Protein chains: 2
Amino acid sequence: MPREIRINAFDMNCVGHIQQGLWTHPRDQSARYADIHYWTGLARKLEAGLFDGIFFADVLGAYDVYGGNADAAVRGAVQLPANDPALLIPAMAAATRHLGFGITCNLTYEPPFMFARRMSTLDHLTGGRIGWNIVTGYLDSAARANGLSGQMAHDDRYDLADEYMSLVYKFWEGSWEDGAVVRDRERRLYADPAKVHRVVHDGAQYKVDALHLCEPSPQRTPVLYQAGASTRGRLFAATHAECVFVNGQNPASVRAIVDDIRALAVAQGRRKDDIRVFLGATIVTGRTEAEAREKFEDYRRHVDVEAALAHASASMGIDFARYDMDEPIATGQSQAIVSNVEAMTRASGPAWTKRKLIDQLVLGSRQQPLVGSAEQVAETLIRWTEQADVDGFNLSRTVTPECFEDFIDLVVPILQERGAYKTSYRGGVYREKLFGHAGLPASHAGARYRRPAHA
Amino acid sequence: MPREIRINAFDMNCVGHIQQGLWTHPRDQSARYADIHYWTGLARKLEAGLFDGIFFADVLGAYDVYGGNADAAVRGAVQLPANDPALLIPAMAAATRHLGFGITCNLTYEPPFMFARRMSTLDHLTGGRIGWNIVTGYLDSAARANGLSGQMAHDDRYDLADEYMSLVYKFWEGSWEDGAVVRDRERRLYADPAKVHRVVHDGAQYKVDALHLCEPSPQRTPVLYQAGASTRGRLFAATHAECVFVNGQNPASVRAIVDDIRALAVAQGRRKDDIRVFLGATIVTGRTEAEAREKFEDYRRHVDVEAALAHASASMGIDFARYDMDEPIATGQSQAIVSNVEAMTRASGPAWTKRKLIDQLVLGSRQQPLVGSAEQVAETLIRWTEQADVDGFNLSRTVTPECFEDFIDLVVPILQERGAYKTSYRGGVYREKLFGHAGLPASHAGARYRRPAHA
């Protein structure tokens, strides 16, 4: 019996998310991103397909590395415009009962007191279906948008993030005890002040003295996602993350990352199954392989290479506008760029060039699409799950929402037949559906901020 | 023909809003505030009653002046818990077509770049139905929650607010020109970079260098509300506000405030009708006066005096827990307290005491309820509108949502008969429904941040 495969839709409150240019396909509806009914309709579709969740990426700045400005990003709608994803959730939650919601929030620019309230509110309004993808950002443009001259150093951002986490745990887990809320109309007693505590935090980065403004929500702490691949990022994930996103083109290399994260988690006193790993995947499928290939060729004609280069420039920190097609890419000053270029050079031979990069951008991004009949896709996903030891997939969108409809109509029934996909939702909150328990387990770093049960 | 009366529901994402203790009434549903379906149901009701909008108060700290701690606020659910109001809007918007939404956001603690995006996102998702009540806060507890030792001085907060407004206008009005968004699939051109501009702001309080992340929303700048009653607050309102909230127990004194604000606006080059004034009102009504009085007596039995004192202590800056019933209230050090005490003393005779305050808290707040048959209520509202030169009312809730249902079922039909209430919604965005134009008028301070139309 294969293990159960979890599926999230990977999306963003914008036009061009990962696969750049596909918004120009006549059937693509991503340009409806500002229409609330587009999102409630998508939520209902994903719930009908028993998706575990929809997961929203986000950025807080423009992609302005390519050519030294954001022009290509503006032209190609490369994650710009990018509306706030958190505001989609309440409407999608009102239209569904089980679908989980993950949102990316960059803690660097979110005041912790108000952020803690926003997440608690979402957890209340969704009935305990909210997850948070913890990011510290990678865009200098986001730093400049928020009044800084540039980003903090990579590892310093994670130090700040560790302090931030300790602070939000205090709000979510420590401020209101279980049983604090009495809601007794007779005695005119809503809550018991002896069980509601001020969070007093005086740290290196943050200073707070406040009650959490929210009573405990169904999950208290949202399901915590993280996607950091660096050494420091993996340690952070092993400490805080319950779900981890990984990307990678071959199961063996993904397996090495997954093994490492699970081992690090075990070293922190957690179990290896306390972490669910989701692998990014781009799927183009059809009733037959021929139909899938035809669809893929059709989609391909709508790829926007300049937009994809603008995206890659910002993610890798390399201005590809400055390079000729066959000129070797220089590593420059930045450590991140050195490691990116080294990795690409290892993968593609000694002289990594813009031409080689463009050859990789087959569907408008560096993520290679999986193209095949529903049967082939289902088999590949089952195989990858085993080989890479991942728990599921984040499906990035191609032509949307058609890509999700195809997966639901064609692939899900085959996965179900193979016993690799649920046939109905489990009960309970998001964390319960993923792990079987509603709150953080005792072994999680956040649990130590709980107060002992009141006498 | 009387003038059209505009009606907003005045509410908050919490249990006890203005009238403290009424959550304990068996028919009150305010304790359902964390249930998204409670709010979508309320939105549908208000739209059926042709309400102009629902307006959300908010606080970012606990009421901890009474007794020097938040215990009474916790016991009585006095605006604590207080969930984030912005997150209610998308679900309520998806359930309605015309209802407007006003949310209170304290700019002091909202990073402007992300706040501008949040409001633009809401304006997109509501189809142009969002308003913003600009506040600078009055709680030291909110300052401490956000890492400060206390609030800025009153007038300094307004200076910061003026700079903040100039910055958000740059995002909303100046960053993306009309016509910047092309959405041309053939040419793979989503937007024209020549018409999308970086906001570069280097002010006393804020420093920003960024594109606005959102394309123009239906209203661009949300409908701007303000409620400041101080001299500095009125000047701010006269400059920025399109809708103003006032409170007051008699039409003549309200008229003086309204005249002053309209005159100040005219002095800024605006027309007096560029500002709609809403007067706070608490209404208990029934089919007959006797029924209304009976309802009022029933509601009264659920008032929580300690909770109302905790609320009054925080709003007035006076710790009423320290006073005996008949001890004169001292003015203390703070200018705000001196003026509060002087006003109350003027109103109630030389020795203003806790007993006199409690006598005023008839329905759990200092706002005196208007109790009467639907006919009496309708006549009073029409008279007040004329005498005080206000455009409408913010109805604070008593036993909810029954209080809004009563108003819709009983008072609205009479107002309609008298020609003082619309019989269907106008078309267009929120600002259009209120003023007849979708964007800020040219005479508004925000309009100067627009770019001249691109050649």
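Criteria and cut-off values
- For every chain, the first residue of the written sequence is number 1, and numbering continues from 1 along that sequence.
- For naming, the first written chain is A and the first written ligand is 1, with later ones following in the order written.
- Thresholds applied to this predicted model are a pLDDT of at least 70 for local features of residues and 80 or more for the giving and counting of side-chain atom pairs; totals over whole chains, interfaces and linings are not thresholded and use all residues.
- Hydrogens are left out, water is left out, and the side-chain values use all remaining heavy atoms of the structure.
- Each helix corresponds to a stretch of at least 4 residues labelled H or I by DSSP, and each strand to a stretch of at least 2 residues labelled E; elements are numbered beginning at the N terminus.
- Categorising residues by exposure relies on relative accessible area from a 1.4 Å probe, with only protein chains included: less than 20% of the type maximum marks a residue as buried, more than 50% marks it as exposed, and the intermediate range marks it as partly exposed.
- Pairs of residues are marked as contacts when any of their non-hydrogen atoms sit within 4.5 Å.
- Charge convention: Lys and Arg are scored as positive, Asp and Glu as negative, and His as well as the terminal groups of each chain are ignored.
- Working definition for charges: the position is that of NZ of Lys, CZ of Arg, CG of Asp or CD of Glu.
- Axis geometry follows a simple rule: fit a line to the C-alpha atoms, using only the stretch in contact for helices, then measure angles between N-to-C directions, giving values from 0 to 180 degrees.
- Any angle that falls under 35 degrees is termed roughly parallel, while one over 145 is termed roughly antiparallel, one within 65 to 115 roughly perpendicular, and all others oblique.
- Left-handed describes a crossing whose near helix is turned anticlockwise from the far helix by less than a right angle; the clockwise case is right-handed.
- By definition, the buried area sums, over both parts, the 1.4 Å-probe accessible area that each loses when the two are put together.
- Between Lys or Arg on one side and Asp or Glu on the other, a salt bridge is scored when a side-chain nitrogen of the former is within 4 Å of a carboxyl oxygen of the latter.
- Note on definitions: the grid is 1 Å and covers protein atoms alone; a cavity is a set of points where a 1.4 Å probe fits but cannot get out; a pocket is an open set with protein on both sides within 12 Å along at least five of seven lines; lining residues have an atom within 4 Å of a point.
- Grid points are joined across faces, edges and corners, and a volume is the space filled by probe spheres set on the points.
- Basically, the charged four are Asp, Glu, Lys and Arg, the nonpolar ten are Ala, Val, Leu, Ile, Met, Phe, Trp, Tyr, Cys and Pro, and anything else, Gly included, counts as polar.
- Nonpolar cores are built from buried Ala, Val, Leu, Ile, Met, Phe, Trp, Tyr and Cys residues. Side-chain atoms within 4.5 Å join them into one set.
- Alignment of the copies relies on least squares applied to C-alpha atoms, considering only residues that score at least 70 for pLDDT in both.

Visitor: Looking at this structure, I do not really get the overall build of chain A. What am I missing?
Guide: Regarding its fold elements, chain A presents 15 helices and 13 strands. With the principal axes as the frame, chain A shows a C-alpha extent of 75 × 50 × 45 Å. For chain A, the residues scored as buried account for 63% of the 455 residues in total. If you take every contact in chain A between residues at least 6 apart in sequence, the share linking residues at least 24 apart comes to 77%. Averaging the positions of the 51 positive and the 56 negative side-chain charges in chain A gives two centres separated by 4 Å.

Visitor: Which parts of the structure should I look at to understand the packing of helix α7 (residues 231–240) of chain A against helix α8 (residues 251–267) of chain A?
Guide: A pair of packed helices is characterised by two quantities: the angle between their axes and the separation of those axes. Residue and element names in this part refer to chain A. Running from N to C, α7 and α8 cross one another at 55°; their axes reach a closest spacing of 8 Å. Our classification of the angle between α7 and α8 gives oblique. Read as a crossing pair, α7 and α8 show a hand that is right-handed. Contacts from R234, L235 and A238 in α7 reach I257, D260, I261, L264 and A265 in α8.

Visitor: Even after reading the chapter, I still don't get the interface of chain B and chain A, so can you show me in this structure?
Guide: Often, the extent of an interface is quoted as the loss of accessible area on bringing the components together. Across the contact, 76 residues belong to chain B and 76 residues belong to chain A. Interface area, chain B with chain A, both sides summed: about 6400 Å², of which 63% is carbon and sulfur. On the chain B side of the contact with chain A, L87, R185 and R188 of chain B bury the most area, a combined 13% of that side's loss. The tally of links from chain B across to chain A stands at four salt bridges. Elements with a minimum of two residues in the side of chain B that touches chain A: α1 (36–48), α2 (71–76), α3 (89–94), α4 (112–125), α5 (140–145), β5 (181–184), β6 (189–191) and β8 (207–211) of chain B.

Visitor: So what exactly am I meant to see when it comes to the pattern of salt bridges here?
Guide: Pairing of side chains with opposite charge becomes possible as their charged atoms draw close. Counted according to the given criterion, the structure contains 76 salt bridges over all chains. Between R27 of chain B and D298 of chain B there is a salt bridge whose closest N-O contact spans 3.9 Å. Of this pair, R27 of chain B sits in the loop between β1 (6–12) and α1 while D298 of chain B sits in helix α9 (residues 289–300), placing them 271 residues apart in sequence. D274 of chain B is paired through a salt bridge with R271 of chain B; the nearest N and O atoms lie 3.0 Å apart. By relative accessible area, which is 55% here, R271 of chain B ends up exposed. Shared partners join several salt bridges into a network, and the residues in it are R3, R262, R276, D389 and D391 of chain A.

Visitor: Sorry, what's going on with empty space enclosed by the protein here?
Guide: Take a probe with the size of a water molecule and roll it over the atoms, and the empty space left behind shows itself. Applying the stated criterion across every chain, the model contains 13 cavities of 30 Å³ or more. Here the largest cavity is characterised by a volume of approximately 130 Å³. Considering the residues around the largest cavity, the lining is formed by 16 residues, among which R117 of chain A together with D84, C105, E110 and R118 of chain B are closest to the centre. Of all elements in the fold, only α4 (112–125) of chain A together with β3 (100–106) and α4 of chain B reach the threshold of two or more residues within the lining of the largest cavity. At four residues, β3 of chain B tops the list of elements feeding residues into the lining of the largest cavity. Of the residues in the lining of the largest cavity, the class split is eight nonpolar, two polar and six charged.

Visitor: Would you explain the nonpolar core in this entry?
Guide: Considering soluble globular proteins, one finds that nonpolar side chains tend to be buried as a cluster. Among the nonpolar cores identified, the biggest contains 267 residues, and F51 and W132 of chain A together with F51 and W132 of chain B are the most heavily contacted of them. Listed in part, the 16 residues of the second largest apolar core include A72, I318, F320 and Y323 of chain B.

Visitor: Explanation requested: the relation of the copies chain B and chain A in the structure shown.
Guide: Two copies of one chain are present, and they are related through a rotation about an axis combined with an axial shift. Superposition record for chain B on chain A: RMSD 0.0 Å, screw rotation 180°, translation along axis 0.0 Å. As the rotation angle and translation indicate, the two copies are arranged about a two-fold axis. Identified as the residue of chain B closest to the rotation axis by C-alpha distance is A91 of chain B, at 2.0 Å. Counting the interface residues of chain B, we find that 100% of their copies in chain A are interface residues as well, pointing to one common contact surface.

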